[in-house]
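Chain residues, written in single-letter form:
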Amino acid sequence: MKKYFCFYVILSVVISCQKKESPLTFKNTIYNATTLEPCKNGICPEIEINKLTAQGPDELSDSINNAIERVLISNLIINPDESPEIKTLDKAIANFISSYRSYQDEFPETSAGYVFTSNSTTGYNGEELLSIVFETYSFWGGAHGYGSTTYLNIDKQNGKSLSPENLINDLPAFLKLVEQKFRNQKEIPESESINSTGYFFENDSFILPANIGFTENEMILIYNPYEVASYAEGQITIKIALSEVAPFIKPNL
């Protein structure tokens, strides 16, 4: 009987180890003009993508990697009408290169070239919430390039990307908190309209930025250029301690 009991204990441990999922880890993949196949057969724009790739539980890592690709594809597309046709990062890169070559054929005298750089890293990786940040710079003609920050927040319990509505509890109260931080930072009195110092919030009503992310210590809210201010204003960043925003966040921090 003792022998059978020992065998049962060992078997239980083995099964438990087999069922235990491997931890979520990340690696980086670099795409640039020296490694991209289309660039071996003609001129290429300046392109450098440092792409984060999740490794671990298949279903979760697949969801994360698909979401990362969607962000990169969106940032690479020049003509929004082409969005429905471009489903993969490889196709988005090929399209970007093709657009650059067409631009050079049309304006051979121009010295300006297309540029696309993107670096993705993990800003926060907790038990339930993963926050990935993309720092991107693009230029495809015109007066100047465009630098932006994009955040991707993922619920690690189900692999779903989180919109502000899915991320934040009590949105009206949270909006009020962020507006207060914004007014204090930009020295806009409570008695004045939010646009009184030159911002252009639609209908003179404060809104959250399109991009909200996290570090180990802070929530980061970023208004990219043109979102609520002129290009000259640059990015507007609001930082709030996690301890202050934790009650508003649905996934546990």
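Residues numbered from 1 in each chain as written. Predicted model: local features only at pLDDT ≥ 70, side-chain atom pairs only at ≥ 80, totals over all residues. Heavy atoms only, no water.

With respect to the layout of surface pockets
So, step 1. Space inside the second largest pocket adds up to approximately 200 Å³.
So, step 2. Along the walls of the second largest pocket sit 14 residues, with Tyr151, Leu152, Asn153, Leu162 and Ser163 positioned nearest its centre.
So, step 3. Elements with a minimum of two residues in the lining of the second largest pocket: helix 2 (58–76), strand 5 (146–155), helix 4 (164–167) and strand 7 (211–214).
So, step 4. The residue inventory of the lining of the second largest pocket, partitioned by class, reads 9 nonpolar, 4 polar and 1 charged. (1 Å grid on protein atoms, 1.4 Å probe; cavity = no way out; pocket = protein on both sides within 12 Å on 5 of 7 lines; lining within 4 Å. Points joined across faces, edges and corners; volume = space filled by probe spheres on them. Helix = DSSP H or I, 4+ residues; strand = E, 2+ residues; numbered from the N terminus. Nonpolar A, V, L, I, M, F, W, Y, C, P; charged D, E, K, R; others polar.)

A look at the sheet that holds strand 7
So, step 1. One open sheet accounts for 3 strands, arranged 7-8-9; its pairing is antiparallel. Among the strands making up the open sheet, the edge pair consists of strand 7 and strand 9 (236–241). Strand-to-strand twist of the sheet, defined as the mean angle between neighbouring strand axes without regard to direction, takes the value 20 degrees.
So, step 2. Both strand 7 and strand 8 (residues 218–223) contribute to a ladder of 4 bridges, which runs antiparallel. Bridge pairing in strand 8 links Asn211 to Ile222.
So, step 3. Its contacts with the sheet place helix 5 (residues 171–186) against strand 8 and strand 9, and it is angled at close to 120 degrees to strand 9. (Pairing = 2+ DSSP bridges. Axes fitted to C-alpha atoms, helices over the stretch in contact; angles between N-to-C directions. Contact = heavy atoms within 4.5 Å.)

Some points on the side chain of Ser61
So, step 1. Along the chain, Ser61 falls in helix 2.
So, step 2. Owing to a relative accessible area of 5%, Ser61 belongs among the buried residues under this scheme.
So, step 3. Ignoring any residue separated from it by four or fewer positions in sequence, one finds Ser61 in contact with Leu24, Ala54, Gln55 and Gly56. (Buried < 20%, exposed > 50% of the residue type's maximum accessible area, 1.4 Å probe, protein only.)

Points about helix 5
So, step 1. Relative to the 22 Å expected for 16 residues at 1.5 Å per residue, helix 5 spans 22 Å between its end C-alpha atoms, a close match to the ideal helical length.
So, step 2. On its buried face, helix 5 sits against strand 8, strand 9 and helix 6 (242–245).
So, step 3. Just beyond helix 5, the residue with positive phi is Glu187, at close to 55 degrees. (Expected span 1.5 Å × (residues − 1).)

A short note on the environment of Val178
So, step 1. Tracing the backbone through its elements, the reader meets Val178 in helix 5.
So, step 2. In this structure the C-alpha to C-alpha distance between Val178 and Ile238, which are 60 residues apart in sequence, comes to 8.1 Å.
So, step 3. Excluding anything up to four places from it in sequence, Val178 contacts Phe206, Leu208, Leu221, Ile238 and Ile240.

A look at the pairing of strand 5
So, step 1. Where burial is concerned, most of strand 5 is hidden: 8 out of the 10 residues are buried.
So, step 2. As defined by bridge partners, strand 4 (residues 129–139) adjoins strand 5 across 10 bridges and the pair is classed as antiparallel. When the sheet's bridge partners are listed, Leu130 is paired in strand 5 with Ile154.
So, step 3. Between strand 4 and strand 5, which pair antiparallel and follow one another directly, the connecting turn spans 6 residues, one of which, Gly141, has a positive phi of 85 degrees.

Observations regarding helix 2
So, step 1. Between the first and last C-alpha of helix 2 there are 27 Å, a value that for 19 residues agrees with the 27 Å anticipated at 1.5 Å per step.
So, step 2. What helix 2 keeps buried is the set Leu60, Ser61, Ile64, Asn65, Ala67, Ile68, Val71, Leu72, Ile73, Asn75 and Leu76.

Some details on the sheet that holds strand 3 (residues 115–125)
So, step 1. Taken in spatial order, the 6 strands line up as 1-2-3-4-5-6 in an open sheet, and their pairing is mixed. On the outer flanks of this sheet lie strand 1 (25–32) and strand 6 (160–161), each paired with one strand and no other.
So, step 2. Each of strand 1, strand 2 (46–55), strand 3, strand 4, strand 5 and strand 6 touches helix 2; the most contacted strand, strand 2, lies at about 165 degrees to it.
So, step 3. Each of strand 1, strand 2 and strand 3 touches helix 3 (residues 89–106); the most contacted strand, strand 2, lies at about 175 degrees to it.

Focus: the confidence of the model for the protein chain
So, step 1. Taken over all residues, the pLDDT of the protein chain has a mean of 89, while the share at 70 or more is 91%.
So, step 2. Taken together, the stretch residues 2–20 has pLDDT below 50 and engages in 0 contacts with residues farther than four places along the chain or on a different chain. (pLDDT = per-residue confidence, 0-100.)

Here we look at the pattern of salt bridges
So, step 1. Scanning all chains against the criterion turns up 4 salt bridges.
So, step 2. Here Glu179 ties to Arg183 by a salt bridge, and the two come within 3.0 Å at their closest N and O atoms. Of this pair, Glu179 and Arg183 both sit in helix 5, 4 residues apart, which is roughly one turn of that helix.
So, step 3. Classification of Glu179 as partly exposed rests on a relative accessible area of 23%.
So, step 4. What makes Arg183 buried here is its relative accessible area of 6%. (Salt bridge = Lys/Arg side-chain N within 4 Å of Asp/Glu carboxyl O.)

Here's the deal with the nonpolar core
So, step 1. With 33 residues, the main nonpolar core has Ile49, Ile64, Ile68, Leu76, Ile93, Ile132 and Leu152 as its most contacted residues.
So, step 2. Residue assignment for this core shows that the elements contributing at least two residues are strand 2, helix 2, helix 3, strand 4 and strand 5.
So, step 3. When residues in this core are grouped by element, the largest group, 8 residues, is from helix 2.
So, step 4. With residues up to four places along the chain from it excluded, the contact list for Ile68 reads Lys51, Leu52, Ile132, Phe134 and Leu152.
So, step 5. Ranked by size, the runner-up nonpolar core spans 29 residues in total, among them Tyr124, Phe214, Ala229 and Val245. (Core = buried A, V, L, I, M, F, W, Y, C linked by side-chain atoms within 4.5 Å.)

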